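Next come the chains, spelled out residue by residue.
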Amino acid sequence: MKILISNDDGYQAPGIVALYDALKDIADVEVVAPELNNSAKSNALTLHSPLTVTTAANGFRYINGTPADCVHIALTGLLGYRPDLVVSGINNGANMGDDTIYSGTVGAAMEGYLFGIPAIAFSQVEKGWGYLDAATAKVRELVGQMLQQQLIGTKPWLLNVNIPNRPLEHIRPMKVCRLGRRHAAEAVIVQDSPRGDKMYWIGGAGAVKDDAEGTDFHATVQGHVALTPLKTDLTDHELLRYWSQTAATLGRASAAAAP
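No experiment lies behind these values; they were computed from the predicted model shown.

A. Up close: the packing of aromatic side chains. Per the counting criterion, the structure on display carries three aromatic pairs. Relative to Tyr62, the ring of Tyr11 lies with its centre 4.1 Å away and its plane at 10°, an arrangement referred to as stacked. Taken together, the residues span a long stretch of sequence, with Tyr11 in the loop between strand 1 (2-6) and helix 1 (14-23) and Tyr62 in strand 4 (residues 61-63) at a distance of 51 residues. Judged by centre distance (5.2 Å) and plane angle (70°), the rings of Tyr20 and Phe60 are edge-to-face. One end of the pair, Tyr20, is in helix 1; the other, Phe60, is in the loop between strand 3 (53-55) and strand 4, and 40 residues separate them in sequence. Note on Tyr20: relative accessible area 23%, which makes it partly exposed. Of the residues examined, Phe60 reaches a relative accessible area of 3% and is grouped as buried. A cation over an aromatic ring shows up here: Lys2 above the ring of Tyr81, its NZ or CZ 5.2 Å from the ring centre.

B. Looking closely at the sheet that holds strand 4. Strand order in this open sheet of nine strands is 3-4-2-1-5-6-7-13-8, and the pairing throughout is mixed. Lying at the two open borders of the sheet, with one neighbouring strand each, are strand 3 and strand 8 (172-176). Going from strand to strand, the sheet's axes swing by 20° on average, the running direction of each strand aside. Note that strand 1 and strand 2 (residues 28-34) share four bridges and pair parallel. Across the sheet, the residue bridging to Lys2 is Asp28, located in strand 2. On the sheet, helix 5 (residues 132-148) packs against strand 1, strand 5 (85-91), strand 6 (119-124), strand 7 (158-163), strand 8 and strand 13 (224-230) and is oriented at approximately 160° with respect to strand 6.

Rules used throughout
- Residues numbered from 1 in each chain as written.
- Predicted model: local features only at pLDDT ≥ 70, side-chain atom pairs only at ≥ 80, totals over all residues.
- Heavy atoms only, no water.
- Phe/Tyr/Trp six-rings, centres within 6.5 Å; stacked < 30°, edge-to-face > 60°.
- Helix = DSSP H or I, 4+ residues; strand = E, 2+ residues; numbered from the N terminus.
- Buried < 20%, exposed > 50% of the residue type's maximum accessible area, 1.4 Å probe, protein only.
- Lys NZ or Arg CZ within 6 Å of the ring centre and 35° of its normal.
- Pairing = 2+ DSSP bridges.
- Axes fitted to C-alpha atoms, helices over the stretch in contact; angles between N-to-C directions.
- Contact = heavy atoms within 4.5 Å.

Following this line, the structure appears as structure tokens:
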């Protein structure tokens, strides 16, 4: 099995080093990751400036671009082969609920999925890399079981996995969950620069709005590994009929108002 690893925290982050160490014995693993922290870059691609690939002393390759850039370049020429699985992470902090829209960790995995390759985004719930050894053990266990069950190398799928920061023996079994929701983000932070200019920092993520049973938020609070299957179709299928009727009404009103 061949695995491509990426992340959004950068190629030197403890999470990606631990992820590589966890998987290198069960697969041929290559790392192509951002040079610097690219959190919250989602699926962004760099289209108007050149990108360079550099090989670090440990063999990891890093790119001066986004997580999606890394996977895109890897899959369209850098690797020279098609991996069986794309794995992103382990992220320094949760990617649950609305976080998945902004997440560079999820964006890297999604890029693999868009190329028709099974992909998993792994994150730890809390920042700081606490109990990273337990998280990597869970990653190795999940990927190993998927390999045994022949779930890798078949049709593409996209999974988002969040692992509680706990000792391994205190992590409860995996639960399949839907995404929860957050409240709106906190207010922007305004500061004055040394030259008197206004500087604006994006505020922190909002508090949890929907952490009902069955959500990723609820599962991880209970100590479970939360697994959520994702898709890229943003169509609101439930409202297609409503908007079709509304569009027809608007069209008739526009025609009646025309001179």
